[in-house]
Amino acid sequence: MKLLKQNRILSCLLAVALGMGLLSFSSSAAPEVTRTYQASQDFSGTQGSNQWSYQRLSGTVYLDLDYDEQGKQWKPDSKYPWVTATGMHPGQDFDAVRKWVSPGKGKIRITGSVSKGDSQGDGVLATIKRNTVTLWSSEIHSANPVHPTGVDSIDVDQGTEIYFIVNRINRINNDHTNWNPTIHYEGSSTAPLKNVQPVQAKAPLASELSVQSCGAVPNDGKDDYAAFVACIAKARSTGQTLHVPEGRYHLSNIITLDGVSMKGDGMASTVIISTNPERGSIDIKGQGVKVSGFKHVYDTTVPRGDGSNEKNSFTVRGATDFELSGLHVVKSSTAGIMVRDGSSDGVIAHNIVESTGADGIHVTSASHNIRIENNAVKATGDDGIAVVSYSKDSGISHDVSISNNNIGYQSKARGIAIVGGQDVQIENNHIQDTMMAGIYISVEKTYDTRNVERITVKGNTIDHSGIDVVAKHPNILVYASQGIIDEVRFTGNTITNAAFRGIGVWGTGQIKNVYYSQNELVHLKNGATTFTSGIIHLNDNIGF
């Protein structure tokens, strides 16, 4: 009974003391802690474990890497960049990033040297950042250790991000970098939680991702390459279409749309300018890529040379179910649109292609099931539209439809050329003012091309072709210097205003069946036809 009375007295005294503010208890006060975080000891296959994460950086956009259990490294689908327990290696387009996030409010001290794996290559740029502020940066060129300076006392809050970044200088060869940073932390284990809100359901993901969200700025004349590369990677991971809003954007290198579609606001509104004449192609890979609605132009060009694909405007590399539409291609060092590497089931439609260094639209290396329709192809450096198959290719290009295109206007070679190919339909095209033949069907020894079989040429108008007086091409030419040409059918075409002559079939190769039915030759200067080879079948033609 006496003990109970004493407890009641103590309780009353405690209540009074609390009411007067003489005593207080805080459930939010965080204990002071000291802890060491070391990259190698804390390394994990889980993002965020032990406060560490593993990322890649382009421009200002950080993207998480994926963990490769077999190799014990964080990396993207491609080989670079990667991050391991003690090392980092940048990629061509992305920096390698190791990130630490502060668990609370306090101070940190960073130790640990940086060195190259060897003294070869052109070196790397190593950087430490606190959020967006650079704390230290230095070029690393050898295996001699470099100790970061100015990182002995850094204030941090809960959530402060410390980035360890390795970037290439030029090439990425021999850029393996040894860096095992240690962070000595003193502070609270966690900061007090304030204004905790209930978790809200995530809004549906928008179907488009703007390049401006990754740092691209239109009309400022600065390079937007890093922003494009970052947004392409982000769009691929989220399944979004990359949107390039109205304005002028500059790219200093090749971008690759691997499974990512890209659209602008129209060829008169969105302009993408490639500033590197040697590496300006927009490459297309993967399945279902659709590219539309912008103008692509090279700032300057270089001679065609070996015809490097890096100098095209667009290069389709083994893609399937792709579409290029509503594009304006102006001035490339080589081809305007190149389709290669067995690409299939594609559509190239409603584009303007002009002033290219090589062919306007070129289909090669076993590509097939391609539709090329309703394009304007003008003043190209070689053929307007070409289907080509070389003997060295893995297979023959086949099943290509070329229809309703407007081609020529001082193109430097042929309008439409089939130089090795099968099952090609050429229908309802208008071809005018080409230096060589308006339509050219051939197997060429000089380029060692494959045979030609089953070509349909129907309802086309070929006007004033062969205007190069040296070449002396007719409006339509079937020519073989090796191999076999067979089953070529010309039906219902109008061949007019030939600069040299109307139709020619010749060559030392084996030309078999060539059919002409209901074609019309008009306004000729130097003769209608020259048939010196082949088995020629004529039926109901006019002007032959």
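Use the structure listed above.
Attention here is on the structure that accompanies the text. (Residues numbered from 1 in each chain as written. Predicted model: local features only at pLDDT ≥ 70, side-chain atom pairs only at ≥ 80, totals over all residues. Heavy atoms only, no water.)

## Things to note about the overall build of the protein
Within the protein one finds 3 helices and 50 strands. In terms of overall size, the protein is more extended than a compact globule, its C-alpha atoms giving a radius of gyration of 33 Å where 544 residues would be expected to give roughly 24 Å. For the C-alpha atoms alone, the extent of the protein along its principal axes is close to 130 × 55 × 40 Å. By residue count, 48% of the 544 residues in the protein fall in the buried class. Between the mean site of the 48 positive side-chain charges and the mean site of the 53 negative ones, the protein shows a separation of 7 Å. (Helix = DSSP H or I, 4+ residues; strand = E, 2+ residues; numbered from the N terminus. Rg over C-alpha atoms; globule rule 2.2 N^0.38 Å. Buried < 20%, exposed > 50% of the residue type's maximum accessible area, 1.4 Å probe, protein only. Lys, Arg positive; Asp, Glu negative; His and termini not counted. Charge placed at Lys NZ, Arg CZ, Asp CG, Glu CD.)

## Side note on the pairing of strand β47 (residues 513–517)
Regular strands have side chains that alternate between both faces of the sheet. Burial analysis of β47 places 4 of its 5 residues in the buried class, which makes it a mostly covered element. Two elements, strand β43 (residues 484–491) and β47, share 4 bridges in a ladder whose sense is parallel. Across the sheet, the residue bridging to Arg489 is Tyr515, located in β47. (Pairing = 2+ DSSP bridges.)

## A look at the packing of aromatic side chains
Applying the stated criterion to the full structure yields 15 aromatic pairs. Ring centres 5.3 Å apart and planes at 70° place the aromatic pair Phe43 and Tyr54 in the edge-to-face group. Taken as a pair, Phe43 in the loop between α2 (39–42) and β2 (52–58) and Tyr54 in strand β2 lie far apart in primary sequence, 11 residues in all. As far as the burial class goes, Phe43 and Tyr54 line up, both buried. Aromatic side chains Tyr54 and Trp74 sit 5.1 Å apart centroid to centroid with 15° between the ring planes, which places their arrangement in the stacked category. With Tyr54 in strand β2 and Trp74 in strand β5 (residues 73–75), the pair connects residues that are 20 residues apart, well separated along the chain. Considered together, Tyr54 and Trp74 belong to a single accessibility category, that of buried residues. Put simply, the rings of Phe43, Tyr54, Tyr67 and Trp74 pair up and form one aromatic cluster. Stacked on the ring of Tyr390, the Lys or Arg Lys392 has its end atom at 5.6 Å from the ring centre. In this structure, Arg501 is placed above the aromatic ring of Phe500, and the distance from its NZ or CZ to the ring centre is 5.1 Å. (Phe/Tyr/Trp six-rings, centres within 6.5 Å; stacked < 30°, edge-to-face > 60°. Lys NZ or Arg CZ within 6 Å of the ring centre and 35° of its normal.)

## Examining the sheet that holds strand β8 (residues 95–101)
Strands sit in the order β3-β2-β8-β14-β11-β12 across an open sheet of 6 strands; the sheet is antiparallel. Each edge of the open sheet is held by one strand with a lone partner, namely β3 (61–64) and β12 (133–140). Sheet twist, expressed as the average angle between the axes of neighbouring strands with direction ignored, equals 25°. Bridge count between strand β11 (residues 124–130) and strand β14 (residues 161–168): 7 bridges; the pairing is antiparallel. From the neighbouring strand, Ala126 faces β14, where its bridge partner is Val166. (Axes fitted to C-alpha atoms, helices over the stretch in contact; angles between N-to-C directions.)

## Section: unusual backbone geometry
For the peptide bond that leads from Tyr80 to Pro81, omega is -5°, which places it in the cis range. Relative to the elements of secondary structure, Pro81 occurs in the loop between β5 and β6 (82–83). Positive phi, normally seen in glycine, also occurs at Ser365, with a value near 45°. Structurally, the position occupied by Ser365 is in the loop between β30 (361–364) and β31 (368–373).

## Describing the sheet that holds strand β9 (residues 106–111)
What the 4 strands build is an open sheet, ordered β1-β16-β9-β13; its pairing is antiparallel. Every interior strand has two partners, whereas the edge strands, β1 (32–38) and β13 (154–156), have only one. The average angle at which neighbouring strand axes cross in this sheet is 25°, direction not considered.

## Observations regarding the pairing of strand β37 (residues 421–427)
Where strand β34 (residues 398–403) meets β37, 5 bridges bridge the pair, whose relative direction is parallel. The residue of β37 that forms the bridge with Ile402 is Ile426. Here β37 pairs with strand β40 (residues 452–458) via 6 bridges, running parallel. Among the inter-strand pairings, Val424 is bridged to a residue of β40, identified as Ile455.

## Here we look at helix α3 (residues 225–238)
Since there are 3.6 residues in each turn of an α-helix, residues three or four apart along the chain are aligned in direction. Between the first and last C-alpha of α3 there are 20 Å, a value that for 14 residues agrees with the 20 Å anticipated at 1.5 Å per step. Taken together, the buried positions of α3 are Tyr225, Ala227, Phe228, Val229, Ala230, Cys231, Ile232, Ala233 and Ala235. (Expected span 1.5 Å × (residues − 1).)

## Regarding the pattern of salt bridges
Per the stated rule, a full pass over the model turns up 17 salt bridges. Across the salt bridge formed by Asp155 and Lys107, the nearest N and O atoms sit 2.5 Å from each other. Here Asp155 is found in strand β13, whereas its partner Lys107 is found in strand β9, with 48 residues between them in sequence. With relative accessibility at 47%, the residue Asp155 sits in the partly exposed group. By relative accessible area, which is 40% here, Lys107 ends up partly exposed. For Glu208, the salt bridge identified is with Lys263, shortest N-O distance 3.2 Å. Of the two residues, Glu208 is situated in strand β17 (residues 208–210) and Lys263 in strand β21 (residues 262–264); the sequence distance between them amounts to 55 residues. The exposure class assigned to Glu208 is partly exposed, which follows from its relative accessible area of 32%. For Lys263, a relative accessible area of 31% corresponds to the partly exposed category. Taken together, the salt bridges that share partners define one network made up of Asp77, Arg236 and Asp258. (Salt bridge = Lys/Arg side-chain N within 4 Å of Asp/Glu carboxyl O.)

## Quick notes on the side chain of Thr356
Looking at where Thr356 falls in the secondary structure, it is placed in the loop between β29 (352–354) and β30. At 2.7 Å, the side chain of Thr356 forms a polar contact with the backbone oxygen of Ala358. If near-sequence neighbours (up to four positions away) are discounted, Thr356 is found in contact with Ser332, Thr334, Ala335, Gly336, Ala379, Thr380 and Gly381. (Polar contact = N/O pair within 3.5 Å; in protein donor to acceptor, adjacent residues only side chain to side chain. Contact = heavy atoms within 4.5 Å.)

## So, the nonpolar core
In terms of nonpolar packing, the biggest core is built from 77 residues, with Phe228, Met262, Phe314, Ile402, Ile426 and Ile441 touching the most fellow members. With 9 residues, the top contributor of residues to this core is α3. Counting residues in each nonpolar core, the second largest holds 28 residues, with Leu65, Ile108, Ile162 and Tyr185 among its members. (Core = buried A, V, L, I, M, F, W, Y, C linked by side-chain atoms within 4.5 Å.)

## Focus on the environment of Ile536
Relative to the helices and strands, Ile536 resides in strand β50 (residues 535–539). In sequence terms Ile536 and Tyr515 are 21 residues apart; their C-alpha atoms lie 6.0 Å from each other. Contacts of Ile536, omitting those with residues within four sequence positions, involve Val505, Val514, Tyr516 and Phe531.

By themselves these figures say nothing about function.
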